[in-house]
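Each chain, written out:
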Amino acid sequence: MTQLTRRGNAIPRALIRTLLLAAIFIWAAPASAMQILDAADGAELEAVISDRSVSRVTLADDRVARVVRGPDGFALEHDKSRGDLYLRPLESTAPAREALTLFIGTAKGFTYRLRLRTAARGSAQILIRNAAAAPRAESPAPREGRVGALVALVRAVALREVLPGYVIHSPSETSRSEGSALLETWRGRRFTARVYEMDSIPWDDSQAMMQNLAPGAAALWAAEPASGPSGGRIVVAVLETSRLRAAQ
């Protein structure tokens, strides 16, 4: 098994923690995409909102207590009882294209800086999840369902911890094509994760490239820039193994 490296050195645990702050994009269906952001206190997060429909920001096991913002062209509603935020584009203004920033303070004392990019798409749902906010238990509850399986696989790839039932294949030669290179493949009965290194280009462009490399992906995850062995960006695409077999 080839170990992913960063500029010639093994990825340290401190960097792995940083990588897990990146967004995991889960698609149950393209029109209802939920963006799951794993966070820690003081984290800087990124997500996408709609330029035409209402977008929702919610916290797992926590509530938004206060928010500071100044997005032009958007109305912000804070549901204090549920602790959710709703962003609605104003009809009187042209669609906003510049990134917006929200500074969020939570009921449990955490703070996040959330950078929101607008896109021509339908309603967006953003879930911010902080493990420190979750209720403490003697043992963690097992993950269930499709979303749990996808998140568990992406975490395993980021942490380099092989899940039971998965086999890792590395290409004999790593060749770059159109700004990307396939580093390895994690194959399981249900899902297959392809690990790419992409040139240091914006995530928007990387996401478009991934749609060409892995159409119909069930999940996409991007690490921070310069996280790859050649200074590029690590991107993981998770696909249904059964679909890959049918396409072969």
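Look above for the structure.
What counts and how
Residues numbered from 1 in each chain as written. Predicted model: local features only at pLDDT ≥ 70, side-chain atom pairs only at ≥ 80, totals over all residues. Heavy atoms only, no water. Helix = DSSP H or I, 4+ residues; strand = E, 2+ residues; numbered from the N terminus. Buried < 20%, exposed > 50% of the residue type's maximum accessible area, 1.4 Å probe, protein only. Contact = heavy atoms within 4.5 Å. Areas by Shrake-Rupley, 256 points an atom, 1.4 Å probe, with all protein chains shown as cover. 1 Å grid on protein atoms, 1.4 Å probe; cavity = no way out; pocket = protein on both sides within 12 Å on 5 of 7 lines; lining within 4 Å. Points joined across faces, edges and corners; volume = space filled by probe spheres on them. Nonpolar A, V, L, I, M, F, W, Y, C, P; charged D, E, K, R; others polar. Expected span 1.5 Å × (residues − 1). Pairing = 2+ DSSP bridges. Salt bridge = Lys/Arg side-chain N within 4 Å of Asp/Glu carboxyl O. Axes fitted to C-alpha atoms, helices over the stretch in contact; angles between N-to-C directions. Core = buried A, V, L, I, M, F, W, Y, C linked by side-chain atoms within 4.5 Å.

## Overview of the overall build of the protein
- Helix and strand counts for the protein come out as four helices and 18 strands.
- Scored against the burial criterion, the 248 residues of the protein give a buried share of 46%.
- Considering only intrachain contacts with a sequence separation of at least 6, the fraction spanning at least 24 residues in the protein is 61%.
- For the protein, the accessible area works out to roughly 12900 Å², and carbon and sulfur atoms hold 50% of it.

## Brief notes about empty space enclosed by the protein
- Under the defined criterion, the tally for this structure stands at two cavities of 30 Å³ or more.
- There is about 30 Å³ of room inside the second largest cavity.
- As for the second largest cavity, its lining consists of Leu59, Ala60, Asp62, Tyr112, Ile128, Arg129, Asn130 and Ala133.
- Elements supplying a minimum of two residues to the lining of the second largest cavity: strand 6 (55–60) and strand 12 (125–130).
- Of all the elements, strand 12 adds the most residues to the lining of the second largest cavity, at three residues.
- A per-class count over the lining of the second largest cavity returns five nonpolar, one polar and two charged.

## Let's talk about helix 2 (residues 145–159)
- The first and last C-alpha atoms of helix 2 sit 21 Å apart over 15 residues, in line with the 21 Å expected at 1.5 Å per residue.
- Along helix 2, the residues classified as buried are Gly148, Leu150, Val151, Leu153, Val154, Ala156, Val157 and Ala158.
- Positive backbone phi, approximately 60 degrees, marks Arg160, located one or two places after helix 2.

## Side note on the pairing of strand 10 (residues 100–106)
- With five of its seven residues buried, strand 10 lies for the most part within the structure.
- One ladder, built from five bridges, connects strand 7 (residues 64–69) with strand 10; its direction is antiparallel. Within strand 10, the position partnered with Arg66 by the bridge is Gly105.
- Note: strand 10 against strand 11 (residues 111–119), six bridges, orientation antiparallel. Bridging across to strand 11, Gly105 finds its partner in Thr111.
- Connecting strand 10 to the antiparallel partner strand 11 that follows it, the hairpin turn spans four residues, and Gly109 within it adopts a positive phi of roughly 90 degrees.

## Some words on the environment of Gly231
- Along the polypeptide, Gly231 turns up in the loop between strand 17 (219–222) and strand 18 (233–240).
- A relative accessible area of 17% places Gly231 in the buried class.
- Distance from Gly231 to Asp199, taken between C-alpha atoms, is 7.7 Å for residues 32 residues apart in sequence.

## Let's talk about the pattern of salt bridges
- Throughout the structure, instances matching the rule amount to seven salt bridges.
- In this structure, the salt-bridge partner of Arg52 is Asp51, at a minimum N-O distance of 3.0 Å.

## Some remarks on the environment of Arg243
- If you trace the backbone, Arg243 turns up in helix 4 (residues 241–247).
- Distance from Arg243 to Phe191, taken between C-alpha atoms, is 9.4 Å for residues 52 residues apart in sequence.

## A short note on the sheet that holds strand 10
- With mixed pairing, four strands are arranged side by side in an open sheet as 5-11-10-7. Looking at the sheet topology across the chains shown, the edges are occupied by strand 5 (43–50) and strand 7. Looking at each pair of strands side by side, their axes are set apart by 30 degrees on average, direction ignored.

## Overview of the nonpolar core
- If you look at the biggest cluster of nonpolar residues, it comprises 22 residues, and the most contacted ones within it are Leu45, Ile104, Tyr112, Leu114, Leu116, Ile126 and Ile128.
- Among the secondary structure elements, those contributing two or more residues to this core are strand 4 (34–39), strand 5, strand 6, strand 9 (84–89), strand 10, strand 11 and strand 12.
- Of all hydrophobic cores here, the second largest spans 20 residues; its members include Leu150, Val154, Ala223 and Val236.

## As for unusual backbone geometry
- At Asp61, a residue that is not glycine, the phi angle is positive and equals roughly 60 degrees.
- Within the element layout of this structure, Asp61 appears in the loop between strand 6 and strand 7.
- A residue is classified by how much of its surface remains accessible, and Asp61, at 44% relative accessible area, is partly exposed.

Any link to function would need more than the numbers given here.
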